[in-house]
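Chain by chain, the residues:
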Amino acid sequence: MPKPGVVDNAVYVDGYRVDSPPTLEQTYDLQKRRGGLAWIGLYRPSETMIQSVAQEFDLHYLMVEDAIAAHQRPKLERYGTTLFTVLRPARYLDDEEEVEFGELHVITGPGFVVTIRHAERPDLAWVRQRLEKHPGLLSQGPEAILYSIIDQVVDDYSPVVAGLENDIDEIEKQLFDGDPDVSQRIYLLMSEVMDFQRAVKPLVAMMDNLARGFEKYRVDIELQRNLRDVQDHVLRIVDQVDGFRTLLQNALSVDATLTAQRQSEETKRLTETSLEQGEQMKRVSSWAAILFAPSLIGGIYGMNFVHIPELDWRFGYPMALGMMLALAVILYTVFRRKGWL
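As the structure is a computational prediction, the values presented were derived from the model and not from experiment.

Draft legend 1. Focus on the overall build of the protein. Across its full length, the protein carries 11 helices and nine strands. Here the protein holds 341 residues, and 40% of them are scored as buried. In the protein, once contacts between residues fewer than 6 apart in sequence are set aside, the share between residues at least 24 apart is 63%.

Draft legend 2. Summary view of the environment of A326. Assignment of secondary structure puts A326 in helix α11 (residues 316–337). Take A326: its relative accessible area is 37%, and that puts it in the partly exposed class. Taking the C-alpha atoms as reference points, A326 and P294, 32 residues apart in sequence, are found 9.3 Å from one another.

Draft legend 3. Just the nonpolar core, in detail. Core analysis: the biggest nonpolar cluster contains 56 residues, and I149, Y157, F196 and L210 have the highest contact counts within it. Looking at this core, the element that brings in the most residues is helix α10 (residues 221–301), giving 10 residues. If we ignore the near neighbours within four places in the chain, the residues touching I149 are W39, L87, L104, V106, T115, L124 and V127.

Draft legend 4. Representation of the sheet that holds strand β2 (residues 16–19) within the structure. Pairing is mixed across the open sheet formed by seven strands, whose spatial order is β2-β1-β3-β9-β8-β5-β4. Edge positions in the open sheet fall to β2 and β4 (75–79), since each of these has one partner strand only. With direction set aside, neighbouring strand axes in the sheet form an average angle of 20°. In terms of strand pairing, strand β5 (residues 82–87) meets strand β8 (residues 104–109) through five bridges, oriented antiparallel. Each residue of the ladder has a partner; that of L87, found in β8, is L104. Where helix α1 (residues 24–34) meets the sheet, it contacts β1 (5–13), β2 and β3 (37–43), and its direction lies at approximately 10° from that of β1.

Draft legend 5. Spotlight on the packing of aromatic side chains. Applying the stated criterion to the full structure yields five aromatic pairs. For the ring pair F101 and F196, a centre distance of 6.4 Å and an interplane angle of 45° mean the geometry is tilted. Residue F101 is located in strand β7 (residues 98–101), and its partner F196 is located in helix α8 (residues 182–200); the two are separated by 95 residues in the primary sequence. Arranged with centres 5.2 Å apart and planes meeting at 80°, the rings of Y157 and F196 form a pair that is edge-to-face. Linking Y157 in helix α7 (residues 157–177) with F196 in helix α8, this pair joins segments that are 39 residues apart in sequence. Look at F196 and you get buried, because its relative accessible area is 0%. By way of ring pairs, the aromatic residues Y28, F57 and F112 are connected into one cluster.

Draft legend 6. Focus on helix α3 (residues 61–69). Those residues of α3 not exposed but buried are M63, V64, D66 and A67. On an axial view of α3, the arc spanned by its buried residues comes to 165°, and they lie on one face. Of the surrounding elements, those touching the buried residues of α3 are α2 (47–57), β4, β5, β8 and β9 (112–117). Two residues or fewer past α3, A70 is found with a positive phi of approximately 60°.

Draft legend 7. Local environment of a negative patch on the surface. Residues D94, D95, E96 and E98 make up a contiguous surface patch of negative charge. Note on placement: E96 falls in the loop between β6 (90–93) and β7.

Reading guide: rules and limits
- Residues numbered from 1 in each chain as written.
- Predicted model: local features only at pLDDT ≥ 70, side-chain atom pairs only at ≥ 80, totals over all residues.
- Heavy atoms only, no water.
- Helix = DSSP H or I, 4+ residues; strand = E, 2+ residues; numbered from the N terminus.
- Buried < 20%, exposed > 50% of the residue type's maximum accessible area, 1.4 Å probe, protein only.
- Contact = heavy atoms within 4.5 Å.
- Core = buried A, V, L, I, M, F, W, Y, C linked by side-chain atoms within 4.5 Å.
- Pairing = 2+ DSSP bridges.
- Axes fitted to C-alpha atoms, helices over the stretch in contact; angles between N-to-C directions.
- Phe/Tyr/Trp six-rings, centres within 6.5 Å; stacked < 30°, edge-to-face > 60°.
- Arc of directions from axis to C-beta.
- Patch = residues over 30% accessible without salt bridge, like charges linked within 9 Å, V, L, I, M, F, W, Y side chains within 5 Å.
- Areas by Shrake-Rupley, 256 points an atom, 1.4 Å probe, with all protein chains shown as cover.
- Salt bridge = Lys/Arg side-chain N within 4 Å of Asp/Glu carboxyl O.
- Lys, Arg positive; Asp, Glu negative; His and termini not counted.
- Charge placed at Lys NZ, Arg CZ, Asp CG, Glu CD.

Next comes the structure, spelled out in structure tokens:
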């Protein structure tokens, strides 16, 4: 991880690096003397550094405020001959299965380019090295650097698209495996896809704005081709990300349907269990009533009273047994007809 401040500082003449001044002040002086192109690369700079650049290149105060505050949306704004571009680079973290977003400001004007990174990514050293290997392209000026940076940011979106696509495939498997955590993962992934949309979609309008300035600012034909290629790449990514959001919305609907289906099946199972328990209670209650009737009669004749008429009657005992049997048969018949037995 680089230290905050100036990470790379160079002056180019005819596409070749002529010096790498150690301080901003020396860069300003050399750029004026040689009449070349100054490319100042800053990483999380202090407000003093930004104010120094703003004073030297006469930057608009709104541009300076945005550069200091950071946390800007992707945009392309022109202040006279100076162009202020905000990009939201992204990278996919395989271990965490998350998308990490950065923020990059590119200020381009006559004879200078200032890049301000507010996050660790992207590493613009690769862009600088690639351009330095093609002096003819670098000699085209600030536009060549801006287009190359946009191209690198858009290229870095491809691994993010692949990572999100893989996550969506895993979610589809989780859905039909009945994973209880799938809802939370869908919501988290939906949030990442929406953040990715906010990073990518503004690039469509930004590319259109740059293309409309080709003739006015006499942009080299080769740079125009490069920008159109980047524009096509952006449109493909936007379509893919829109598709991801649709897939995740469908996944939420499917998850809600499957959850409702599982709940319905659980409710049905509980209802069936409750009905089964009710039937069992009916049978238990019926047999308890059948057994209680003879016990009631037996309990009456088991009382210790002297004057019970049937005690001295010859048919008293058979009568009591008959009553017990008759009552039990009657109760059994009634419960049977009601379906309790």
